[in-house]
Amino acid sequence: MANWLKYVIAFASAFAVMLLVRTLVFSIHGVLGDGLAPLYKSGDRLLINRCSYGLRIEGNGLLPYSRLLRQPVKKGDIVAFTVPCDSVDGLCIARCTAVPGDTIRTKDGPLLVPGLKTCAKTDYYWLEAVNKENPIDSRYFGFIPESNIIGRVVTVLYNRQNTLLP
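On a predicted model such as this, the values are computed, not experimentally measured, just so you know.

S.K.: Requested: an account of the overall build of the protein chain, with residues and values cited.
M.R.: Secondary structure summary: the protein chain contains two helices and 11 strands in total. Scanning the protein chain from its N terminus toward the C terminus, one meets helices and strands in the order α-β-β-β-β-β-β-β-β-β-α-β-β. Just so you have it, the protein chain exposes about 10400 Å², and 61% of that area is on carbon and sulfur atoms.

Next comes the structure, spelled out in structure tokens:
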């Protein structure tokens, strides 16, 4: 085998492993807006663990949505999610304040989060941003299904001044 071919195979293998890790395990996303300020500000780059709630299998219409080694979202987790409609592009970041089976109170009275004991629907979560002036969260979209939750935010990689954090 030619010496250069060994390098090509090694590079292609490393690239394939990197893509696999990037799409299935960890991903880096930027924060748009100040919904969780001062914790996360617009322009910050976050590391998201895509396997924190199980390996996500979307199927894109060919297979039904599922998660392997499923773990439930816990109260207080800061999660990245896609919105259930097309009004906002990209990922949103919010804190999980209610899980299935919890009762939450809004201005209009009590509101039940669907769960096994309270409703036929399961796996819906109430996700809220800290900043009440920028509610790109459950106050605007309603309950967020588990299928829209991408993963748990692990850490800030870069702050808004684009400097590497320790």
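S.K.: Run through the nonpolar core, naming residues and quoting values.
M.R.: The tendency in soluble globular proteins is for nonpolar side chains to be buried side by side. Judged by nonpolar contacts, the single largest core of 14 residues is most densely connected at V73, V79, F81, Y125, L127 and I149. For this core, the secondary-structure elements that each account for two or more residues are β5 (78-81), β6 (92-98) and β9 (124-128). Looking at which element gives the most residues to this core, the answer is β6, with three residues. Counting 11 residues, the second-largest nonpolar core is a separate cluster that includes V31, L36, Y40 and I48.

S.K.: Would you mind going over the packing of aromatic side chains in detail, with residue names and values included?
M.R.: The full count for this structure, using the stated rule, is two aromatic pairs. Judged by centre distance (6.5 Å) and plane angle (20°), the rings of F11 and F15 are stacked. With F11 and F15 both in helix α1 (residues 3-24), this residue pair falls four residues apart, about one helical turn. For F15, a relative accessible area of 42% corresponds to the partly exposed category.

S.K.: Run through the sheet that holds β6, naming residues and quoting values.
M.R.: The seven strands are arranged β1-β2-β11-β5-β6-β9-β10 in an open sheet whose pairing can be described as antiparallel. In the strand order of this sheet, the two ends are held by β1 (26-30) and β10 (144-145), each with one partner. Across five bridges, β1 lies against strand β2 (residues 45-49) in antiparallel orientation. Residue pairing across strands places H29 opposite L46, the latter belonging to β2.

Rules used in this analysis
- Residues numbered from 1 in each chain as written.
- Predicted model: local features only at pLDDT ≥ 70, side-chain atom pairs only at ≥ 80, totals over all residues.
- Heavy atoms only, no water.
- Helix = DSSP H or I, 4+ residues; strand = E, 2+ residues; numbered from the N terminus.
- Areas by Shrake-Rupley, 256 points an atom, 1.4 Å probe, with all protein chains shown as cover.
- Core = buried A, V, L, I, M, F, W, Y, C linked by side-chain atoms within 4.5 Å.
- Buried < 20%, exposed > 50% of the residue type's maximum accessible area, 1.4 Å probe, protein only.
- Phe/Tyr/Trp six-rings, centres within 6.5 Å; stacked < 30°, edge-to-face > 60°.
- Pairing = 2+ DSSP bridges.

Keep in mind these numbers describe shape, not what the thing actually does.
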